[in-house]
Amino acid sequence: MAEEQYFYYKDKSKKIIPDPDKNKHFLAKKILDEIFMTQKDLIPSIYKENWNRVKLYQPAGIVEKAQAILLNINDGAYDLRNKINNLTGKEWTKFTCSWFIFNALQSDLQEERAVTKETQAHPATFSPTMISDFINFFTKEGDIVLDPFAGIGSTLVACKRNNRVGYGIELNKKYFDIILQRTPEFKNNIFNEDCRNIDKLNLPLINYSISSPPYWNVLNRSTDGFKKEREEKGLDINYSDQAADLGNIDDYDVFLQEVCSVYFKLYDLLADGAYITIIVKNIKKGGKMYPLAWDIARILGQKYVLKDEKIWIQDKISLSPYGYPNSWASNILHHYCLILRKE
Ligand SMILES: C[S@@+](CC[C@H](N)C(=O)[O-])C[C@H]1O[C@@H](n2cnc3c(N)ncnc32)[C@H](O)[C@@H]1O
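What you see is a predicted model; the values in this text were computed from it and never measured. (Residues numbered from 1 in each chain as written. Predicted model: local features only at pLDDT ≥ 70, side-chain atom pairs only at ≥ 80, totals over all residues. Heavy atoms only, no water.)

A few points about the sheet that holds strand β5 (residues 77-79)
Condition: We call two strands paired when DSSP finds no fewer than two bridges between them. Here a helix means four or more residues in a row that DSSP labels H or I, a strand means two or more in a row labelled E, and each is numbered from the N terminus. The axes are straight lines fitted to the C-alpha atoms, using for helices just the contacting stretch, and the angles between their N-to-C directions are given from 0 to 180°.
Taken together, the five strands give an open sheet; going across it, the order is β2-β1-β3-β4-β5, and neighbouring strands pair in mixed fashion. Strand pairing shows two members of the sheet lacking a second neighbour, β2 (16-18) and β5, which therefore form its edges. Strand-to-strand twist across the sheet, computed as the mean angle between neighbouring axes with direction ignored, equals 35 degrees. The pairing of strand β1 (residues 7-10) with β2 spans three bridges and is classified as antiparallel. Bridge assignment links K10 to a residue of β2, and that residue is I16.

Some words on the nonpolar core
What counts is decided by this rule: As used here, the term nonpolar core means buried Ala, Val, Leu, Ile, Met, Phe, Trp, Tyr and Cys residues forming a set that is joined through side-chain atoms within 4.5 Å. Partly exposed describes any residue whose relative accessible area lies between the buried limit of under 20% and the exposed limit of over 50%, with all areas from a 1.4 Å probe on protein chains only and scaled to the type maximum. Residue contacts are defined here by distance: any two heavy atoms, one from each residue, within 4.5 Å place the two residues in contact.
With 70 residues, the main nonpolar core has Y263, I278, I279, I296 and Y304 as its most contacted residues. At nine residues, the largest contribution of residues to this core is made by helix α10 (residues 252-267). Those residues in contact with I296 that lie beyond four places of it in its chain are L256, V259, C260, I278, V280 and L338. Of all hydrophobic cores here, the second largest spans 16 residues; its members include L32, Y47, W51 and L56.

Re helix α6 (residues 154-161)
Within α6, six of the eight residues are buried, leaving the element largely enclosed by the surrounding structure. Once α6 ends, the next one or two residues include N163, with phi positive near 60 degrees.

Quick word on the domain arrangement of the protein chain
In plain terms, the rule: Boundaries of every domain are those given by an automatic assignment or by a domain database.
Each domain of the protein chain was delimited in the assignment, giving domain 1 (7-83) and domain 2 (99-341). Here the C-alpha centre of domain 2 lies 39 Å away from the C-alpha centre of domain 1.

Here's the deal with the pattern of salt bridges
Operational definition: Any carboxyl oxygen of Asp or Glu that lies within 4 Å of a side-chain nitrogen of Lys or Arg is treated as forming a salt bridge with it.
Within this structure, the stated rule accounts for 15 salt bridges. D79 is the salt-bridge partner of R81, the closest N and O atoms lying 2.8 Å from each other. According to the relative accessible area criterion, R81 is exposed, its value standing at 52%. For D79, a relative accessible area of 26% translates into the label partly exposed. Where D194 meets R196, a salt bridge forms, and the shortest distance between an N and an O atom there is 2.8 Å. Like R196, D194 is buried.

Printed below as a string of C-alpha cells:
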C-alpha cells in the first residue's frame, strides 16, 4: 500500500504535487497534528471535518516554513494566517477581478418562490448566490453581517447558507415577514424599522455589511415595460408609499444625505477594519445623469476609506431603443459594488 502523503509543494511547471522526499511527509504529519492541537480555532470547519485528508503545503518545498493547508488540490491552499476570510489563495484571487457578470439563478428563484409563492414579490431583489460571494470574501464563519436595506432577505439567506450570523433591517412589513419566513433562525436579528434608527437597535459589533439602498426614486418614475408588466400582474411597483421609504424622496440631494446618514451611523457599529459593500447604480432623469454611485462613494469617503469598486454586469436584459433617433441614451446594465472600510 502506498504511504500517506502529507506534504505538497509547487513543481517547476507550477503544479501542486506531493514532495518526492519521504522524510518531509513524516515531519509534515507531526506539524499537522500540532496545528490541530494548538490552532484549532483558526481552522475553517471544512478542513476540521476532513482533517484526515488535509495536507501541509509550502510552495518552495520547505516543510518547516509551511503556513498553508490543502484539502482539494484544485481549489488551492488555505493560509492559516488569513485574517479576512476562509478562502484559499486561488479562490481569493478569483474574487479580486474588478468586474463580474451575474444573472439571477433559477435555483435562487425557486428557493424564493417556495416562500413567496410568486417569484417577484419584491421589485428589486438579489440572488443569495451573488451575495454569498461577497460574504465569503469579507467574513469568516460565525461573523456578523448586517443588511440595513434588507428587502426580502437575500443577504440573510446568504448568511444562513454560509454559516454567518445575519442581521437585517427592512421598513416594509410585507418584506420583513418574508425574511422571517426565509430565515427563521435569525428572527431575533431582523427589525421592521426605519434604518435611519440603526443606532437605536442595540445591534452587536458588525463584522461586515452588504446592502443595496433604493436607487433614489427610480421605481416611482419608471415608465417602461417593467412597471406595466408588474402592474398587470398586481405586483408591487415600488417598495411602499411610506414617507420613511427612502425610495419616495424626490429631491436628489436630500435622498443622498439620508442614505449616507445610515452608513455614517453604521460606521460606529462596525468592528475596526470591517468592510462594507454598497450596491448601487448611477441614475438618469430628464436626459441627465445623476452619478448616485459616485456621489455616495465621495460622501462616505469623508469617514470611511473608499477601497474599491467591483462592477456587476447583467448581460441577459434586452436592450431598449432609448434616445433613438434623436440623442444618446444608454441602457445601464451595470451596478457599482462600492467597497469601503473602517480603518
Ligand atoms: C434595493 S431594495 C433591497 C433588496 C434586497 N437587497 C433584496 O435582495 O431583497 C431596498 C429596500 O430598502 C427598503 N427601505 C427603503 N427605505 C427604508 C428605510 N428607511 N429603512 C429600512 N428599509 C428601507 C425598501 O423597502 C427595499 O426593500
